[in-house]
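# Descriptive structure summary
Residue strings, one per chain:
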Amino acid sequence: MEGSSEAAAPVEAPANVYQERLREGKLVYQDCADCSSAVFYPRVLCPVCGSGALEWCESAGRGTVYATTAVHGRNREPRNVVLVDLDEGFRMMSRIEGTPAGEVEIGTRVRFEARLAKDEPVAVFVREEG
Amino acid sequence: MSLRGKTAIVGAAESDLGEVGSGFTPLDLIGQATTRALADAGLEKKDVDGLFSASVYYQMPTLSVGEYLGIRPRYSDATMMGGSSFVSHLLHATAGIEAGLCEVALITYASTQLPDGGFRGVSDPPNPYETPYGPRYPVSMYALAASRHMYEYGTTREQLAEVAVAAREWAKLNPKAFKREDLTVEDVLASRMISSPLSLLDCCLVTDGGGALIVTSAERAKELRKPPVYLLGAGEAHWHRNISRMPDLTVTAAVDSGRRAYEMAGVGPKDVDVAMLYDAFTINPILFLEDLSFCEKGEGGTFVEGGRIAPGGELPVNTSGGGLSYNHPGMYGLLLLIEAVRQLRGECGERQIEGADVALAHGNGGVLSSQVTAILGSANAL
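This text gives an overview of the structure that appears in the document. (Residues numbered from 1 in each chain as written. Chains lettered and ligands numbered in written order. Predicted model: local features only at pLDDT ≥ 70, side-chain atom pairs only at ≥ 80, totals over all residues. Heavy atoms only, no water.)

Here we come to the overall build of chain A. Regarding its fold elements, chain A presents one helix and nine strands. Of the regular secondary structure in chain A, the N- to C-terminal order runs α-β-β-β-β-β-β-β-β-β. Seen through its C-alpha atoms, chain A measures out along the principal axes to roughly 60 × 30 × 25 Å. Contacts in chain A between residues far apart in sequence, at least 24 positions, make up 49% of those at least 6 positions apart. Total accessible area computed for chain A in this model is approximately 7,000 Å², and 45% of it derives from carbon and sulfur atoms. Computed over 15 positive and 21 negative side-chain charges, the separation of the two mean positions in chain A equals 9 Å. (Helix = DSSP H or I, 4+ residues; strand = E, 2+ residues; numbered from the N terminus. Contact = heavy atoms within 4.5 Å. Areas by Shrake-Rupley, 256 points an atom, 1.4 Å probe, with all protein chains shown as cover. Lys, Arg positive; Asp, Glu negative; His and termini not counted. Charge placed at Lys NZ, Arg CZ, Asp CG, Glu CD.)

Here is the structure:
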C-alpha cells in the first residue's frame with residue numbers, strides 16, 4: 001500500500017484536540033490501532049511501535065495515585081502534585097482536590113474532574129467515594 | 001573495536017568555587033578552570049583541538065567558550081542532557097580522539113548562578129501536561145520518585161538523610177567543600193520541607209563554580225606531567241525527559257548506562273574502589289546504588305545505613321562531599337569526574353582511598369532522565 005509506513009498528517013494539532021475535549025469536560029488519550037498501547041501525552045505517532053494510526057478515546061476517568069508530593073512554599077498552603085495511573089493504561093500528572101496536600105496517599109483510587117483555571121481547562125482528580 | 005583504555009584524562013581542575021562574587025561570568029570561571037587544567041596536564045592552550053561544553057547560559061556553548069578562550073577547535077560537541085552531559089562528553093571525546101577527529105580535548109563548564117539570582121536551570125517551554133500543576137522543578141520530580149521508592153520498598157526519610165550525612169562527613173575532609181559543619185540525621189529531618197518527602201537538606205547546594213578536564217590519547221598521555229587516568233568504559237542512556245513519562249519511578253536508565261560501561265571496562269561493581277554518584281537529591285545515590293548493581297533493587301535505603309558510604313564505610317561514595325555538601329553549580333557532572341581523577345592519582349589528602357585503582361563516575365541529568373556512567377582506572381587497572 002502506497003505510503004503505508006508514513007504517519008498520516010493529523011487534521012488538528014494533538015495538543016489542541018486534548019485541550020478542546022478537556023474544555024468539554026472529557027479526558028482523552030490516544031489508542032494505537034497497531035499495538036494497542038494507550039498513548040499519553042497526545043502526539044502524532046505511537047512511541048511504542050511508531051505507528052501513526054492513533055485513535056482518540058475518552059477515558060472513564062478512573063485511576064490510582066502512583067506517586068505524590070506536597071510542594072511547600074513560604075506564606076501559602078502546600079499544594080499537591082501527583083502522578084495518576086488511569087485504568088486504560090496511561091499515566092498523567094495532576095493534583096488531588098479535596099484532600100490536604102500532605103495526606104494524599106499512593107494507591108488511593110481517584111476520579112477525574114475538569115476545572116477551569118484562568119479560562120484554561122485543567123484535568124484534576126478527587127478521591128473516589130467509599 | 002573497544003574504546004577501553006584508548007584515552008586518558010591528563011588534566012583536571014576546578015574554577016573558583018562557592019560564591020565567586022558579582023560581575024564574574026561563567027566564561028570567566030571556565031577561563032580559570034581551563035588555565036589550571038592545562039597547567040595540571042603540562043599542555044598549552046594551542047594544543048587543544050577538541051572542545052566540549054554544555055550550559056544553561058549559552059545556547060551555543062562551544063562557540064561562546066571557544067571565542068572567550070581563543071580556541072579554534074576542529075571537533076566540537078555541545079551535547080546537552082543536563083548534569084550528566086560532561087560524562088557523556090568524555091565518551092564522545094574518546095570516540096573523537098580514537099577516530100582521529102581531534103587529539104587534545106577540553107571539556108569545560110561553569111555557572112555563576114548565585115550573583116545571577118539563585119538556582120538557574122534549563123528553560124524549556126511550558127509543558128501543558130505538567131506546568132499547570134505547579135511542580136517545583138526539579139525537586140518535585142525527584143520527590144515523586146522518592147515517594148514511590150518509599151511506598152514500594154519501605155525506604156525511610158532517615159535513610160535518605162543518611163546520604164546527606166555521609167556526604168557531609170566526606171566534605172569535612174575536603175578543604176574545598178562549601179558545607180563542612182556537623183550534620184545529623186535529625187538535622188536533615190528537621191530542615192524545612194521543600195517538596196515532600198524531600199526537605200532542604202535532602203537537596204543539593206546552590207553554588208557558583210565550574211571545572212575543566214583535558215583528555216588525550218593513551219599514547220600521548222604517557223608523556224605528560226601527571227599519571228594518566230584511563231577511561232576503561234562508558235555508557236549512556238535516556239528514556240524520558242519529563243517525570244510523567246518515566247516508565248517506573250524506582251528504576252532509572254542507569255541500568256542500561258551502567259551495564260554498557262561495565263561491559264566495555266570488563267569490570268563489575270565489586271571491582272569499584274570508589275564511586276561518584278550524582279547526588280542532586282538524597283534519593284539519587286540510593287537509586288544509582290541499585291541500578292548500578294551495588295545492591296538489589298529496593299535495598300538502596302538499607303545499603304546506605306550505618307555509614308556504609310561514609311568515610312570508613314564499605315563503599316566510599318562521593319568523597320568530595322558531593323553535590324550535597326561540596327559544590328553544585330547547577331550541573332555537577334564535571335566535578336564528580338574531577339574527584340574521580342584525583343582519587344586515582346592519590347591526590348585526595350585526608351579523604352584519599354588507599355590503593356584506589358578503579359573509580360566509577362555516574363552522571364544524572366534532567367529529572368532522573370539522562371544517565372551516563374564512566375569507569376576510570378589507573379595504570380594498574382589497564
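A few words now on the interface of chain B and chain A. Taken residue by residue, the interface counts 26 residues in chain B and 29 residues in chain A. Of the roughly 2,400 Å² buried at the junction of chain B and chain A (both faces included), carbon and sulfur atoms supply 57%. Summed over the shared surface of chain B and chain A, the number is zero salt bridges. Counting across the interface, chain B meets chain A through 13 residue pairs in polar contact (both at pLDDT 80 or more). Counting residues per element, the ones that place at least two in the side of chain B that touches chain A are helix H4 (139-153) and strand S5 (193-195) of chain B. Residue contributions to the side of chain B that touches chain A peak at six residues, all from H4(B). Residues belonging to the side of chain B that touches chain A are distributed by class as follows: 14 nonpolar, six polar and six charged. (Buried area = accessible area lost by both parts, 1.4 Å probe. Salt bridge = Lys/Arg side-chain N within 4 Å of Asp/Glu carboxyl O. Polar contact = N/O pair within 3.5 Å; in protein donor to acceptor, adjacent residues only side chain to side chain. Nonpolar A, V, L, I, M, F, W, Y, C, P; charged D, E, K, R; others polar.)

Okay, the nonpolar core next. Within the largest apolar cluster, 153 residues are counted, with the highest numbers of intra-cluster contacts made by Met92(A), Leu289(B) and Leu376(B). The element that contributes the greatest number of residues to this core is helix H12 (residues 333-345) of chain B, accounting for eight residues. Setting aside anything within four residues of it in sequence, one finds Leu289(B) in contact with Leu277(B), Phe294(B), Cys295(B), Phe303(B), Val304(B), Ile309(B), Leu315(B) and Val317(B). The next biggest cluster of nonpolar side chains, apart from the first, holds six residues, and it includes Ala161(B), Val165(B), Leu183(B) and Val185(B). (Core = buried A, V, L, I, M, F, W, Y, C linked by side-chain atoms within 4.5 Å. Buried < 20%, exposed > 50% of the residue type's maximum accessible area, 1.4 Å probe, protein only.)

All names here are of chain B. Along the polypeptide, Leu200 turns up in the loop between strand S6 (198-199) and strand S7 (209-217). Overall, Leu200 belongs to the partly exposed group, its relative accessible area being 39%. Distance in space between the C-alpha atoms of Leu200 and Gly355 is 35 Å, their sequence separation being 155 residues. Here Leu200 is in contact with Ser191, Arg192 and Ile194, once residues within four sequence places are set aside.

All names here are of chain B. Spatially, nine strands are ordered S3-S2-S4-S7-S1-S8-S11-S10-S9 in an open sheet, and the strand pairing comes out mixed. The strands lining the two open edges of the sheet, one partner per strand, are strand S3 (75-77) and strand S9 (274-277). Here the strands of the sheet are splayed against their neighbours by 25° on average, with no regard to which way each runs. In this sheet, strand S8 (residues 229-238) lies alongside strand S1 (residues 7-14) in antiparallel orientation, the contact comprising two bridges. Residue pairing for S8: Ile9 is matched across the bridge by Val229. The sheet strands contacting helix H8 (residues 254-265) are S8, strand S10 (358-365) and strand S11 (370-377), and the helix crosses S8 at an angle near 150°. (Pairing = 2+ DSSP bridges. Axes fitted to C-alpha atoms, helices over the stretch in contact; angles between N-to-C directions.)

The subject of this paragraph is empty space enclosed by the protein. All names here are of chain B. For the coordinates displayed, the defined rule picks out one cavity of 30 Å³ or more. Approximately 40 Å³ is the volume attributed to the largest cavity. Every residue along the wall of the largest cavity is listed here: Val163, Ala166, Ala167, Asp279, Pro285, Ile309, Val317, Asn318 and Leu324. The element that contributes the greatest number of residues to the lining of the largest cavity is helix H5 (residues 157-171), accounting for three residues. A class-by-class count of the residues in the lining of the largest cavity yields seven nonpolar, one polar and one charged. (1 Å grid on protein atoms, 1.4 Å probe; cavity = no way out; pocket = protein on both sides within 12 Å on 5 of 7 lines; lining within 4 Å. Points joined across faces, edges and corners; volume = space filled by probe spheres on them.)

Turning our eyes to something else, we now look at helix H1 (residues 26-41) of chain B. At 3.6 residues per turn, the α-helix brings residues three or four places apart onto the same side. Residues and elements named next belong to chain B. In a regular helix each residue adds 1.5 Å, so 16 residues correspond to 22 Å; H1 covers 22 Å between its end C-alpha atoms and thus fits that length. For H1, a buried count of 12 out of 16 residues is recorded, marking the element as mostly surrounded by other parts of the structure. For H1, the full list of buried residues reads Pro26, Leu27, Leu29, Ile30, Gly31, Gln32, Ala33, Thr34, Ala37, Leu38, Asp40 and Ala41. Among the residues trailing H1, Gly42 stands out with phi positive, at a value near 75°. (Expected span 1.5 Å × (residues − 1).)

On to the packing of aromatic side chains. All names here are of chain B. Scanning the entire structure with this criterion turns up 13 aromatic pairs over all chains. Note on Phe86 and Tyr109: the rings are 5.0 Å apart at their centroids and 45° apart in plane angle, and the pair reads as tilted. With Phe86 in helix H3 (residues 85-98) and Tyr109 in strand S4 (residues 104-111), the pair connects residues that are 23 residues apart, well separated along the chain. With respect to burial, Phe86 and Tyr109 carry one shared label: buried. (Phe/Tyr/Trp six-rings, centres within 6.5 Å; stacked < 30°, edge-to-face > 60°.)

With that out of the way, let us pick up the pairing of S4(B). All names here are of chain B. In terms of burial, S4 is a largely internal element, eight of the eight residues being buried. Residues Val104, Leu106, Thr108 and Ala110 line one face of S4 and the alternating positions Ala105, Ile107, Tyr109 and Ser111 line the opposite face, and both faces are buried. Both S4 and S7 contribute to a ladder of eight bridges, which runs antiparallel. When the sheet's bridge partners are listed, Ile107 is paired in S7 with Leu213.

Attention now goes to the side chain of Glu290(B). Residues and elements named next belong to chain B. Looking at where Glu290 falls in the secondary structure, it is placed in helix H9 (residues 283-291). Polar contacts involving the side chain of Glu290 include one to the main-chain amide nitrogen of Gly298, which spans 3.1 Å. Not counting residues up to four positions away in its chain, the partners in contact with Glu290 are His149, Thr250, Cys295, Glu296, Lys297, Gly298, Glu299, Gly300 and Gly301.

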